[in-house]
Amino acid sequence: MIHAVVFDVGECLVDETREYGTWADWLGVPRHTFHAMFGAVIAQGRDYRETFQEFSPGFDLYEEREKRAAAGQPETFGEEDLYSDVRPALRRLRDDGLWLGIAGNQTVRAGRILRELFADDVDLIGTSDDWGASKPDPEFFKRVADAVPFDAGEILYVGDRCDNDIRPAGEAGMHTALVHRGPWATIQWHSAQARELPTFRVESLAELPDLIGDFNG
């Protein structure tokens, strides 16, 4: 039985198109060029942060985040950046009696924004900065399991990446759902791990309530 659903943030709940565009602007790189390099780095199986190194060797993401904030251009997202299926899916899942959470690799600032957006919609909001552990580290998923009042095998973790989300959550004993959007899922969708690892493969979060209902039934 699935009693709890926990969502990743970037490219699961939040469309990061605008945010990565602002990073291109910060670097002084054409957005199209930045996005092309971003995709190339992901397709090669490299850490997405290496994209920044391609344009600015020695780039420190943490330091640059602080510089952006000091310059009045902090990383941010809002209601307008949520995928259109997010609010309806959360309402439906809540109406179905499921315990809901949000947990992803996010900064303290992003955690504050998430709490402003979702405080009344979910039971848990946790970030890697809160917990001192980042995906795909097993410790991150241990923190998720510890925070959810159900056994790991009763949790469905929803994400867009096989490497950061689906595989480690599965290894932690959770069910998983891979959502087909964003650069990672688009690149990984036809791979063996994307076909074989997830409990569910979905094009939209709107599919989850019926799939969970059928699974539990």
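As the structure is a prediction and not an experimental result, all values here were calculated from the model. (Residues numbered from 1 in each chain as written. Predicted model: local features only at pLDDT ≥ 70, side-chain atom pairs only at ≥ 80, totals over all residues. Heavy atoms only, no water.)

Draft legend 1. Spatial organisation of the packing of aromatic side chains. The full count for this structure, using the stated rule, is 15 aromatic pairs. Taken together, a centroid distance of 6.2 Å and an interplanar angle of 50° make the contact between Phe38 and Tyr48 tilted. Highlighted residues: Phe38 in helix 2 (residues 31–43) and Tyr48 in the loop between helix 2 and helix 3 (50–55), separated in sequence by ten residues. Using a relative accessible area of 4% as the deciding quantity, one classes Phe38 as buried. Between Phe140 and Phe141, the ring centres sit 5.2 Å apart and the planes meet at 75°, which makes this aromatic pair edge-to-face. Residue class for Phe140 comes out buried when judged on its relative accessible area of 0%. On the basis of relative accessible area, Phe141 is assigned to the buried category, the value being 0%. (Phe/Tyr/Trp six-rings, centres within 6.5 Å; stacked < 30°, edge-to-face > 60°. Helix = DSSP H or I, 4+ residues; strand = E, 2+ residues; numbered from the N terminus. Buried < 20%, exposed > 50% of the residue type's maximum accessible area, 1.4 Å probe, protein only.)

Draft legend 2. Up close: the sheet that holds strand 4 (residues 155–159). Read across the sheet, six strands follow the order 3-2-1-4-5-6 without closing on themselves; strand pairing throughout is parallel. Edge positions in the open sheet fall to strand 3 (124–127) and strand 6 (200–202), since each of these has one partner strand only. Direction aside, neighbouring strands of the sheet carry axes that sit 20° apart on average. As defined by bridge partners, strand 4 adjoins strand 5 (residues 175–179) across four bridges and the pair is classed as parallel. Each bridged residue has a counterpart across the sheet, and for Val158 the counterpart in strand 5 is Ala177. Relative to strand 3, helix 6 (residues 108–118) is tilted by about 165°, and along the sheet it contacts strand 2 (99–104) and strand 3. Across the face of the sheet, helix 8 (residues 138–147) comes into contact with strand 1 (4–7), strand 2, strand 3 and strand 4 while running at roughly 155° to strand 2. (Pairing = 2+ DSSP bridges. Axes fitted to C-alpha atoms, helices over the stretch in contact; angles between N-to-C directions. Contact = heavy atoms within 4.5 Å.)

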